[in-house]
Amino acid sequence: MKEIEELLEKYFEGETSSAEEKMLREYFTSGEVAEHLRIHAPLFLYFKEEIGKENVTAPEIKTPQARKVLLWVSGVAAAILLLLGIGQVYVFRGDLYCSDNYVVINGRCYTDPHTVREHALNALQEVSATEKDAVETQFRELGSFFTDDEE
Amino acid sequence: MRNEIYTVMRKITYTMACCLALCFLLPVGAAATELQSGLKIEDVFGRYGKRKNVTMVELSKEMLETYGMVRYKSITIKNDDEALRFTRRCLEADQKGARKIKEVTDDGGIVSAYYQLPSVKEELNRFVLFKVNKKKIITLVYIEGELDSEDLITLLFANDL
């Protein structure tokens, strides 16, 4: 009895080990509690019930095998996501950072509106210069035709 | 405690699965913004767009509104014979069914061309402009918009592009 009293004192001072707490729970839920200690019985009864509840729900917990599978799947999913993320940055770098208006020069993307506009205009001017070139070429060819005739 | 861990892990797995699905859908969304109707010249932009000695431009939305365009894409490739052969092959494939506004050939190869491609949407005209100059600089332009061929010519030869 004295041992229980000492343990109880230790318990309230927060110095008991889990084995000692178990001993206390067993004593107070045994139904043979000393009269002067019965006041503490509901507390340990409550703890025992709570522990019992946890044990009841334990079978619902997945087996270590299922846990391993879940961990493994999570790991694989995380790895795939990481790879895809890196892949997107490399493969779709242009598309990601060059959304609406952009110019890619030597593989590097620029989104400054003035630079973009300038290069767009350059390309249009280049194709529009065709007409002038073609006419000049035709005149040159025509000119050489007459020169050849004179010779 | 263990139950909580499982719940959290299940949530993480579910979130990851959703993210994974999104990752697979992203390229599909990106592909939807590519040139319409699977044009062959699309491959020119895709193949050479990010290479050295290449300048690729893409414009859309507000930058094009004043020109009656909804899409502009151009690529300039410097001194690349393989790219020239490839671009010409793509142009030959895409010009089928297209209206030739202008085409200049030299030694059997297209030197410059303006094509109006068949429309795939009402009030949406599509043009392909191409030129390879004496310095072997290839310029390929794709334009999409409400503008017609006359508007395009006017635009091309306007001094204040």
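Residues numbered from 1 in each chain as written. Chains lettered and ligands numbered in written order. Predicted model: local features only at pLDDT ≥ 70, side-chain atom pairs only at ≥ 80, totals over all residues.

S.K.: Now, about the overall build of chain A: what can you tell me, with residues and values included?
M.R.: On a plain count of helices and strands, chain A comes out with seven helices and two strands. Shown N-terminal to C-terminal, the secondary structure of chain A runs as helices and strands in the order α-α-α-α-α-β-β-α-α. Looking at the 151 residues of chain A, the share that counts as buried comes to 11%. At a minimum sequence separation of 6, the contacts of chain A that also span at least 24 residues come to 7%. (Helix = DSSP H or I, 4+ residues; strand = E, 2+ residues; numbered from the N terminus. Buried ≥ 20, exposed ≤ 12 C-beta atoms within 10 Å, placed from the backbone. Contact = placed C-beta atoms within 7 Å.)

S.K.: Can you break down the environment of Glu118 of chain A residue by residue, with the values?
M.R.: Residues and elements named next belong to chain A. With respect to the helices and strands, Glu118 occurs in helix α6 (residues 113-128). Judged by the 13 C-beta atoms lying within 10 Å of it, Glu118 is partly exposed. Measuring from C-alpha to C-alpha, the distance between Glu118 and Val103 comes to 9.6 Å, with 15 residues separating the pair along the chain.

S.K.: Tell me about the packing of helix α1 (residues 2-12) of chain A against helix α2 (residues 18-28) of chain A, residues and numbers included.
M.R.: All names here are of chain A. Here α1 crosses α2 at 120°, and the two axes come no closer than 10 Å. As judged from the angle between their axes, α1 and α2 are oblique. For the element pair α1 and α2, the recorded crossing hand is left-handed. Of α2, the residues touching α1 (which contributes Ile4, Leu7, Leu8, Lys10 and Tyr11) are Glu20, Glu21, Met23, Leu24 and Tyr27. (Axes fitted to C-alpha atoms, helices over the stretch in contact; angles between N-to-C directions. Parallel < 35°, antiparallel > 145°, perpendicular 65-115°, else oblique. Left-handed = near helix turned anticlockwise from the far one by under 90°.)

S.K.: So, the packing of helix α2 (residues 41-48) of chain B against helix α3 (residues 81-94) of chain B: which residues are in play, and what are the values?
M.R.: Residue and element names in this part refer to chain B. At a minimum axis separation of 8 Å, α2 and α3 run at an interaxial angle of 155°. On the basis of their axis angle, the class for α2 and α3 is roughly antiparallel. Contacts between α2 and α3 involve Ile41, Asp43, Val44 and Tyr48 from the first element and Ala83, Phe86, Thr87, Cys90, Leu91 and Asp94 from the second. Each residue belonging to the contact of α2 with α3 can be placed in one class, and the counts come to seven nonpolar, one polar and two charged. (Nonpolar A, V, L, I, M, F, W, Y, C, P; charged D, E, K, R; others polar.)

S.K.: Describe the sheet that holds strand β1 (residues 102-105) of chain A, with residues and values.
M.R.: Read across the open sheet, the eight strands follow the order β2(A)-β1(A)-β1(B)-β2(B)-β6(B)-β5(B)-β4(B)-β3(B); overall the sheet is antiparallel. Of all strands in the sheet, those with a lone pairing partner are β2 (108-110) of chain A together with β3 (99-106) of chain B, marking the two edges. For this sheet, the mean angle separating the axes of adjacent strands, direction not counted, is 10°. Pairing analysis gives eight bridges linking strand β5 (residues 124-132) of chain B to strand β6 (residues 137-145) of chain B, with the strands arranged antiparallel. Its bridge partner lying in β6 of chain B, Leu129 of chain B is registered against Val141 of chain B. Against the sheet, α2 of chain B touches β1 (54-60), β2 (69-78), β5 and β6 of chain B, its axis set at about 55° to β2 of chain B. Relative to the sheet, α3 of chain B contacts β2, β4 (109-121), β5 and β6 of chain B, its axis offset from that of β4 of chain B by approximately 40°. (Pairing = 2+ DSSP bridges.)

S.K.: Hey, could you go over the environment of Leu43 of chain A for me, with residue numbers and the actual values?
M.R.: Residue and element names in this part refer to chain A. Inspection of the secondary structure puts Leu43 in helix α3 (residues 41-57). Of the residues examined, Leu43 has 13 C-beta atoms within 10 Å and is grouped as partly exposed. Spatially, the C-alpha atom of Leu43 lies 9.8 Å from that of Thr29, the residues being 14 residues apart in sequence.

S.K.: I'd like to hear about the nonpolar core, residue by residue, with values.
M.R.: Judged by nonpolar contacts, the single largest core of 38 residues is most densely connected at Ile75, Phe127, Val128 and Val141 of chain B. Apart from the residues within four sequence positions on either side, Phe127 of chain B is in contact with Tyr114, Tyr115, Gln116, Leu117, Ile143 and Leu152 of chain B. (Core = buried A, V, L, I, M, F, W, Y, C linked by C-beta atoms within 7 Å.)

S.K.: Explain α2 of chain B to me, and be specific about the residues and the numbers.
M.R.: All names here are of chain B. Looking only at α2, the buried set comprises Ile41, Val44, Phe45 and Tyr48. Taken down its axis, α2 places every buried residue within 100° of arc, on the same side. Among the structural elements, β1, β2, α3, β5 and β6 are those in contact with the buried residues of α2. (Arc of directions from axis to C-beta.)

S.K.: How would you sum up the pairing of β6 of chain B? Please name residues and give values.
M.R.: Residue and element names in this part refer to chain B. In terms of residue burial, β6 counts as a mostly covered element, since eight of its nine residues are buried. For β2 and β6, the ladder comprises nine bridges, and the chain directions are antiparallel. Across the sheet, residue Thr76 finds its bridge partner in β6, namely Thr139. Once β5 ends, the chain turns through four residues before running back antiparallel as β6, passing Lys136 with a positive phi of about 60°.

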